[in-house]
Amino acid sequence: MAGYNLEAIEAAPLKEDVDIVIPTIRSLDFLEQWRPFLKHYHLIIVQDGDPSINIRVPEGYDYELYNRNDINRILGPRANCISYKDGGCRCFGFMVSKKKYIYTIDDDCFVANDPSGKEINVIAQHIKNLETPSTPHYFNTLYDPFRDGTDFVRGYPFSLREGVTTAISHGLWLNIPDYDAPTQLVKPRERNIRYVDAVMTIPKGVLYPMCGMNLAFNRELIGPAMYFGLMGEGQPISRYDDMWAGWAAKVVCDHLGFGVKTGLPYVWHSKASNPFVNLKKEHKGLHWQEDMVPFFQNLRLSKESDTAAKCYMELSNMTKEKLTEVDPYFEKLADAMVAWIEAWEELNPPVDGKDVKAR
Ligand SMILES: O=c1ccn([C@@H]2O[C@H](COP(=O)(O)OP(=O)(O)O[C@H]3OC[C@H](O)[C@H](O)[C@H]3O)[C@@H](O)[C@H]2O)c(=O)[nH]1
Ligand SMILES: [Mn+2]
């Protein structure tokens, strides 16, 4: 089996094919530490909050920066689909990018070290995750069979060993774990010190809680489904931006025949947000997730939905039909999902009429 060895990877793989999207309402000083790994990449900074505040971008980075005025100018009335005062605003960066791959990272995440003490090149690992197949149809007990030094185990059907194209690579975090507010409140000092040297495919038909902190994806395959919802100021819910995107994108990946991986690489998550503030922001989500998850688990997309955009439009109808009984908010969210796709297609017209179809 063709393996790969991270050592052999250049310091900035596919630098012309990757945009780094950073939502920020704080500061970009964290980029100083990332310079060895990110200096060759183009940054798309989505500045949340007061647009009159000037955010300093460290010297030497190639970037574009969008604040709320820019979002309103570019999207017009559809700008209302982009969250305000929530990290979910980052998805605007996904929309304006023209690259094949997106890597998105929070501004309180730093370079982590592996157990040998070596600094982790998150982009190199995410690119390898995205450029090697996923195995959603049958679980490989030695995890990612495409890594050096491992393979498919005995009993793994050869008919399934080709795998499927990978659309999403979900990285993890050392130090401050991505816990919800209740868990943060009861375990304020818990730190994630466990480095698990594994990359796994999330099986077809299984959902997962996607965290936007250290996340990469193939924009051409799944971009339209990576809408981080309508959260933050003026909305009844916040901090479920990445969860909504993760559930929606997983059902779309399953339907279109793409794979989702989780595990390596790790970042070092440095800031614990205030659990009391978080509880206020996410408390409706704690209730609604008991309805949202079964909604995504039970839905079936039609075969006519053969692109991520078509799947997402169908998902919008299903959201309006099935979740509005949970709360009227979901009708607003369903409309925002339509606005998102319309804006996406306006900014990203399919190349020669083709859109990426199901595999
Ligand atoms: O109003 C806001 C709040 C935050 N941001 C930016 O979003 C990034 C995450 O913010 P933060 O580090 O404060 O949140 P965490 O609790 O650590 O993150 C988790 O929950 C929220 C997100 O879904 C996040 O991805 C999760 O990991 C950071 O870059 C802030 O500057 C914002 O733009 N607007
Ligand atoms: Mn954080």
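The structure displayed is predicted, hence computed values, not measured ones.

Caption draft 1: Up close: the nonpolar core. Counting 90 residues, the largest nonpolar core has I20, I222, A225 and V252 as its most contacted members. Considering each element in turn, this core owes the most residues, ten residues, to helix α7 (residues 241-256). If we skip the residues at most four places from it in the chain, I222 touches A167, I168, F217, A249, V252, C253, F258 and A308.

Caption draft 2: Highlighting the pairing of strand β4 (residues 101-105). Among the five residues of β4, five are classified as buried, and the element is accordingly described as predominantly covered. Examined bridge by bridge, β4 and strand β8 (residues 214-218) share five bridges and lie antiparallel to one another. Bridging from a neighbouring strand, Y101 pairs with N218 of β8.

Caption draft 3: Structural detail: the UniProt feature "site: Required for activity" (unreviewed entry) in the protein chain. Residues given the UniProt feature "site: Required for activity" (unreviewed entry) here are R154 and R161. Within the secondary structure, R154 sits in the loop between α4 (122-131) and β6 (166-175). Mapped onto the fold, R161 is located in the loop between α4 and β6. Assessed through the 15 C-beta atoms surrounding it within 10 Å, R161 is described here as partly exposed. Setting aside its immediate chain neighbours within four residues, R161 contacts F152 and Y156.

Caption draft 4: Just the site of ligand 1, in detail. Around ligand 1, the surrounding shell holds 22 residues, and the nearest of these are D48, G87, D106, G212 and M213. Counting only elements with at least two residues in the shell around ligand 1, the list comes to β1 (18-24) and α7. Here the shell around ligand 1 is composed, by residue class, of five nonpolar, five polar and twelve charged.

Caption draft 5: Spatial organisation of the environment of G205. In this fold, G205 is placed in the loop between β7 (199-201) and β8. Sequence separation between G205 and P136 is 69 residues; the distance between their C-alpha atoms is 8.7 Å.

Caption draft 6: Region of the structure containing the packing of helix α9 (residues 308-323) against helix α10 (residues 329-347). The geometry of α9 relative to α10 is characterised by a closest axis approach of 8 Å and an angle of 165 degrees between their N-to-C directions. Our classification of the angle between α9 and α10 gives roughly antiparallel. The two elements α9 and α10 meet at a crossing, and its hand is left-handed. Residues A309, Y312, M313, L315, S316, T319, K320 and L323 of α9 pack against F330, E331, L333, A334, M337, V338, I341, W344 and E345 of α10. Looking at the contact of α9 with α10 residue by residue, the classes come out as twelve nonpolar, two polar and three charged.

Thresholds, definitions, all that
Residues numbered from 1 in each chain as written. Chains lettered and ligands numbered in written order. Predicted model: local features only at pLDDT ≥ 70, side-chain atom pairs only at ≥ 80, totals over all residues. Core = buried A, V, L, I, M, F, W, Y, C linked by C-beta atoms within 7 Å. Buried ≥ 20, exposed ≤ 12 C-beta atoms within 10 Å, placed from the backbone. Helix = DSSP H or I, 4+ residues; strand = E, 2+ residues; numbered from the N terminus. Contact = placed C-beta atoms within 7 Å. Pairing = 2+ DSSP bridges. UniProt positions renumbered as here; feature names shortened; annotations may be inferred. Near = placed C-beta within 6 Å. Nonpolar A, V, L, I, M, F, W, Y, C, P; charged D, E, K, R; others polar. Axes fitted to C-alpha atoms, helices over the stretch in contact; angles between N-to-C directions. Parallel < 35°, antiparallel > 145°, perpendicular 65-115°, else oblique. Left-handed = near helix turned anticlockwise from the far one by under 90°.

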